[in-house]
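Survey of secondary and tertiary structure
The chain contents come next:
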Amino acid sequence: LPALPSPVPTPCWGAGSLSLTILFTSSWGQAFVAKVALVAGMLMLAGLNRFVLMPRLSNGQASAIPELLRSIVLEQMLGLSVLAVTAALGVLGPSG
């Protein structure tokens, strides 16, 4: 039987030689680190909204409304940035 191509992509760095330096030395790695940082920022804002701002709003503090709106807009901007970086990751290869 002829060999069929594997549907699973093979890492560009080869089997057994995984190195974290590719995350910081290649364009792909830097974009990936940026995406992870953006998602972490979104998660922090979501936690702030849920556990700090929403309880303040529930307690009737009107000052929480502008802060919540600002946080939501910032979270949306981070989300759009995640989509842009994801598009860049699709164009770049893991080799950079």
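Up top is the structure.
The rules we used
- Residues numbered from 1 in each chain as written.
- Predicted model: local features only at pLDDT ≥ 70, side-chain atom pairs only at ≥ 80, totals over all residues.
- Heavy atoms only, no water.
- Salt bridge = Lys/Arg side-chain N within 4 Å of Asp/Glu carboxyl O.
- Helix = DSSP H or I, 4+ residues; strand = E, 2+ residues; numbered from the N terminus.
- Buried < 20%, exposed > 50% of the residue type's maximum accessible area, 1.4 Å probe, protein only.
- Axes fitted to C-alpha atoms, helices over the stretch in contact; angles between N-to-C directions.
- Parallel < 35°, antiparallel > 145°, perpendicular 65-115°, else oblique.
- Left-handed = near helix turned anticlockwise from the far one by under 90°.
- Nonpolar A, V, L, I, M, F, W, Y, C, P; charged D, E, K, R; others polar.
- Core = buried A, V, L, I, M, F, W, Y, C linked by side-chain atoms within 4.5 Å.
- Contact = heavy atoms within 4.5 Å.

Further remarks concern the pattern of salt bridges. This structure, assessed with the given rule, holds one salt bridge. Across the pair E67 and R56 runs a salt bridge, and its minimum N-O distance is 3.1 Å. Note that E67 is positioned in helix α3 (residues 64-91) and R56 in helix α2 (residues 27-58), a separation of 11 residues in sequence. For R56, a relative accessible area of 22% gives the class partly exposed.

Two numbers describe how α2 lies on α3: the axes approach to 9 Å, and their chain directions differ by 160°. Classed by the angle they form, the pair α2 and α3 counts as roughly antiparallel. As for how α2 packs across α3, the hand of that crossing is left-handed. When its residues are assigned to classes, the contact of α2 with α3 shows 21 nonpolar, six polar and four charged.

Within the largest apolar cluster, nine residues are counted, these being L23, W28, A31, L38, L45, L78, V82, V85 and L89. Residue assignment for this core shows that the elements contributing at least two residues are α2 and α3. Once residues within four sequence positions are removed from consideration, L23 is found in contact with W28, G29, Q30, F32 and V33.

Spatial relationships are all this shows, so hold off on functional conclusions.
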